[in-house]
Amino acid sequence: MAEQRAHWGSKLGFVLAAAGSAVGLGNIWKFPYVTGRNGGGAFVLIYLACVALVGLPVMVAEILLGRASQKSPVGAFRDLSRPRSPWVFFGLLGVAGSFLLLSYYSVVAGWALHYSWLSLSGALVAQGPNGMQPLFQQVYESPLLNLSYHLLFMGLTILVVLGGVAKGLERWSRILMPALFVMMLILLGRAFMLDGFGRGFEFVFGLHTEQLTGRGVLEALGQAFFSLSLGMGAMITYGSYLRREDDIMSAAITISVLDTLIALLAAVVLFPILFSYGMEPAQGPGLVFITIPIALSQMPAGSFLASVFFLLLVFAALTSSISMLEVATSYFIDERSWSRAKATLVSGGAIAAIGIPAALAGGPGFFGAGMTALVGANWFDTVDYLVSNWFLPLGGLGISLFTAWRLDDAIRHDHFLSGSKLAFFYRAWLALLRLVVPFAIVLVLLHAVGVI
Ligand code: PHE
């Protein structure tokens, strides 16, 4: 007998869990360095446009597919079209994407765990400014450290997902998301008191169009997808635990605004810190693990601030990683009728195993130096490239084309409107989803193959 589908305890619980999925390493680790690399201001403006015109419509589509089908991605595409429909491919792509994405996401989250520990114990600040680059290098290259923290982080993720929808995902998001927000405000208060605040603020919000390139525009779109957790069925899965009365459009707006706010706050905290200590904004992925510790180690109460910062990173990563594992877990629950415990342990265990090469990617072995010599990128970078540039955009394309052109109009219209006070958005949403969204994603894909 099929069990009744689990649901969120409340609409706020859903919004917090979905915002928790969206707010992650993408906001705090990636957004600032991508912004820095693209010269700030103008890039931020394009990013905001991508969130509003492409990201938001896709998010509404995902939540709608989930709520209408009450199924995770594979079942959603099948039940809303027909058995063996080719659209099911996009559901499977999402499940495969969740395995791959979490496998290396957890390695970066592991660094954040390690740095939290180093900050709390005072060892981080004790390295002094000149010790930060060698420290990160050492962490990045150490197989033992990477493996241990990767497995520890996967363990935490599995523990939360074992608790189920209301008692696992929702409960932990309710605790971690407000904590994250408070920590962000503490750091913002500190950044505000620095000499470089004005310059940092200007860097994020001033219009420096001269630094923006075509590549930057496409990067903004990719970043919006990643940051809003789109294209992988995470929002389909979370939407499938929604009840019919809840308004999709207003929830999607709230989630997107929260996600964008946290990304902007992270930038407004980090750039003043950089400028106040005379550092360059275009630092790349090492930004939060090298440059920020250099600055913090010179500040009064540096250990405290570093602890707040790295714990914030861990919290943000955890509320995202649980949504990735939930995509895999719910597939086995829905499609194979496994118990939650079995589905979580098997998929979590498999992801932990697939993550081992990613944990070894900084070292000298095959997955690190070996692959770099062979194909020019280590395992970690290769998988990140595949997921960010192929899986998520392709998934997003499938989701938007399906919802806009294939889904039964009555279902689409009905689900958009039920519970909604924002009915007048329906036409605008559909128009964006039909034309603007696919066009933008195809541009990104053409760029990925090198056509433009
Ligand atoms: N949005 C998450 C982040 O910003 C990453 C993510 C992508 C989560 C896709 C789920 C699905 O870190």
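See the structure shown above.
A.B. asks: Sorry if this is basic, but what is going on with empty space enclosed by the protein here?
C.D. replies: To find leftover empty space, a probe the size of one water molecule is rolled over the atoms. Summed over all chains, the structure comprises 5 cavities of 30 Å³ or more. Each pocket or cavity is described by its volume, and for the largest cavity that value is around 150 Å³. Contributing to the lining of the largest cavity are 18 residues, with S21, L101, F226, S229 and M324 lying nearest its centre. Elements with a minimum of two residues in the lining of the largest cavity: α1 (11-22), α2 (25-37), α5 (88-120), α11 (214-227) and α15 (302-336). Taken together, the residues that form the lining of the largest cavity break down as 10 nonpolar, 8 polar and no charged. Around the second largest cavity sit L25, W29, K30, Y104, Y105, V108, F226 and D384, which together line it. Looking at the lining of the second largest cavity, the elements with two or more residues in it are α2 and α5. Grouping the amino acids of the lining of the second largest cavity by side-chain chemistry returns 6 nonpolar, no polar and 2 charged.

A.B. asks: Teacher, can you tell me more about the layout of surface pockets here?
C.D. replies: In this structure, the largest pocket spans a volume of roughly 820 Å³. Broken down by secondary-structure element, the contributors of at least two residues to the lining of the largest pocket are α2, α7 (132-141), α11, α19 (379-406) and α21 (426-449). Top element by residues in the lining of the largest pocket is α19. It accounts for 7 residues. Of the residues contributing to the lining of the largest pocket, the split by class is 14 nonpolar, 7 polar and 6 charged.

A.B. asks: Can you walk me through the site of the ligand in this structure?
C.D. replies: Surrounding the ligand, one finds 15 residues, the nearest of these being A22, G26, Y105, F226 and S229. With respect to the ligand, the backbone of L25 contributes an N or O atom lying 3.1 Å from an oxygen atom. Summarising the interface, the protein chains cover 100% of the accessible area of the ligand, which totals 330 Å² for the free molecule. At a threshold of 2 Å from the grid points, most atoms of the ligand map onto the largest cavity. If you list the elements that add at least two residues to the shell around the ligand, you get α1, α2, α5, α11 and α15. Classifying every residue of the shell around the ligand gives 7 nonpolar, 8 polar and no charged.

A.B. asks: Where do I start with the packing of α5 against α19 in this structure?
C.D. replies: For any two helices packed against each other, the geometry comes down to the angle between their axes and how far apart the axes lie. For the pair α5 and α19, interaxial distance at closest approach is 9 Å and the crossing angle is 145°. Regarding α5 and α19, the two cross each other, and that crossing is left-handed. Across the interface between the two elements, F90, L93, A96, G97, L100, L101, Y104, V107 and V108 from α5 touch F380, V383, D384, V387, S388, F391, L394, G395 and G398 from α19.

A.B. asks: It is not clear to me how α11 should be interpreted in this structure. Could you clarify?
C.D. replies: It helps to recall that an α-helix has 3.6 residues per turn; residues three or four apart then point in one direction. Over its 14 residues, α11 runs 20 Å from end to end, which matches the ideal 20 Å to within 8%, given 1.5 Å per residue. Most of α11 is tucked away: 10 of the 14 residues are buried. Positive phi shows up at S229, right after α11, with a value of about 60°.

A.B. asks: Is there a simple way to think about the pattern of salt bridges in this case?
C.D. replies: Side-chain pairs of opposite charge can arise whenever the charged atoms involved come near each other. As enumerated under the stated definition, the model contains 9 salt bridges in all. Of the charged contacts in the structure, one is a salt bridge between D79 and R78, with a shortest N-O distance of 3.3 Å. The class of D79 is partly exposed, set by a relative accessible area of 39%. Under the relative-accessibility criterion, R78 is labelled partly exposed at 24%. Measuring nitrogen to oxygen at the nearest pair gives 3.6 Å for the salt bridge that ties R174 to E170. On the criterion of helical spacing, the pair formed by R174 and E170 is a turn pair, its members being 4 residues apart in helix α9 (residues 165-192). Within the structure, one salt-bridge network assembled from shared partners comprises K71, R78, D79 and E335.

A.B. asks: When you look at a nonpolar patch on the surface in this model, what are you seeing that I'm missing?
C.D. replies: Where nonpolar side chains cluster on the molecular surface, the patch consists of V442, L446, V449, V451 and I452 and spans about 410 Å² of accessible area. Among the structural elements, L446 can be located in helix α21. Judged by relative accessible area, L446 falls into the partly exposed class, the value being 31%.

A.B. asks: Quick question: what am I supposed to make of the environment of L386 here?
C.D. replies: Position of L386 relative to the elements: it lies in helix α19. According to the relative accessible area criterion, L386 is partly exposed, its value standing at 36%. On a C-alpha basis, the gap between L386 and M184 in space is 31 Å, while along the polypeptide they are 202 residues apart.

A.B. asks: Is there a simple way to explain the packing of aromatic side chains in this structure?
C.D. replies: Here a ring pair, both rings aromatic, is described through the centre-centre distance and the interplanar angle of the planes. As enumerated under the stated definition, the model contains 35 aromatic pairs in all. Pairing F77 with F90 gives two aromatic rings, centres 6.4 Å apart and planes at 45°, and the pair type is tilted. Linking F77 in helix α4 (residues 73-80) with F90 in helix α5, this pair joins segments that are 13 residues apart in sequence. Here the aromatic rings of F192 and F197 are separated by 5.0 Å at their centres, their planes lie at 75°, and the arrangement is edge-to-face. Three or more aromatic residues joined by ring pairs make a cluster, and in this case those are Y104, W111, Y115, F136, Y140, F289, F309, F310 and F380. Against the face of F275 rests R199, its NZ or CZ located 4.1 Å from the ring centre. Positioned above the aromatic ring of W338, the side-chain terminus of K342 is 4.3 Å from the ring centre.

A.B. asks: Help me understand the nonpolar core in this model?
C.D. replies: Across soluble globular proteins, you tend to see nonpolar side chains buried next to one another. Among the nonpolar cores identified, the biggest contains 163 residues, and W8, F14, I28, I63, I255, F289 and W429 are the most heavily contacted of them. Those residues within four positions of W429 in sequence are excluded, and the remaining contacts are P57, V60, A61, L64, T403, R412 and F416.

A.B. asks: When you look at the packing of α7 against helix α8 (residues 143-162) in this model, what are you seeing that I'm missing?
C.D. replies: Direction vectors running N to C along α7 and α8 enclose 70°, while the axes themselves pass 5 Å from each other. With respect to α8, the element α7 is oriented roughly perpendicular. In this structure, α7 contributes V139, Y140 and E141 to the contact, and α8 contributes P143, L145 and N146. A per-class count over the contact of α7 with α8 returns 4 nonpolar, 1 polar and 1 charged.

Calculation notes
Residues numbered from 1 in each chain as written. Predicted model: local features only at pLDDT ≥ 70, side-chain atom pairs only at ≥ 80, totals over all residues. Heavy atoms only, no water. 1 Å grid on protein atoms, 1.4 Å probe; cavity = no way out; pocket = protein on both sides within 12 Å on 5 of 7 lines; lining within 4 Å. Points joined across faces, edges and corners; volume = space filled by probe spheres on them. Helix = DSSP H or I, 4+ residues; strand = E, 2+ residues; numbered from the N terminus. Nonpolar A, V, L, I, M, F, W, Y, C, P; charged D, E, K, R; others polar. Near = heavy atom within 4 Å. Polar contact = N/O pair within 3.5 Å; in protein donor to acceptor, adjacent residues only side chain to side chain. Areas by Shrake-Rupley, 256 points an atom, 1.4 Å probe, with all protein chains shown as cover. Sits in = over half its atoms within 2 Å of the grid points. Axes fitted to C-alpha atoms, helices over the stretch in contact; angles between N-to-C directions. Left-handed = near helix turned anticlockwise from the far one by under 90°. Contact = heavy atoms within 4.5 Å. Expected span 1.5 Å × (residues − 1). Buried < 20%, exposed > 50% of the residue type's maximum accessible area, 1.4 Å probe, protein only. Salt bridge = Lys/Arg side-chain N within 4 Å of Asp/Glu carboxyl O. Patch = residues over 30% accessible without salt bridge, like charges linked within 9 Å, V, L, I, M, F, W, Y side chains within 5 Å. Phe/Tyr/Trp six-rings, centres within 6.5 Å; stacked < 30°, edge-to-face > 60°. Lys NZ or Arg CZ within 6 Å of the ring centre and 35° of its normal. Core = buried A, V, L, I, M, F, W, Y, C linked by side-chain atoms within 4.5 Å. Parallel < 35°, antiparallel > 145°, perpendicular 65-115°, else oblique.

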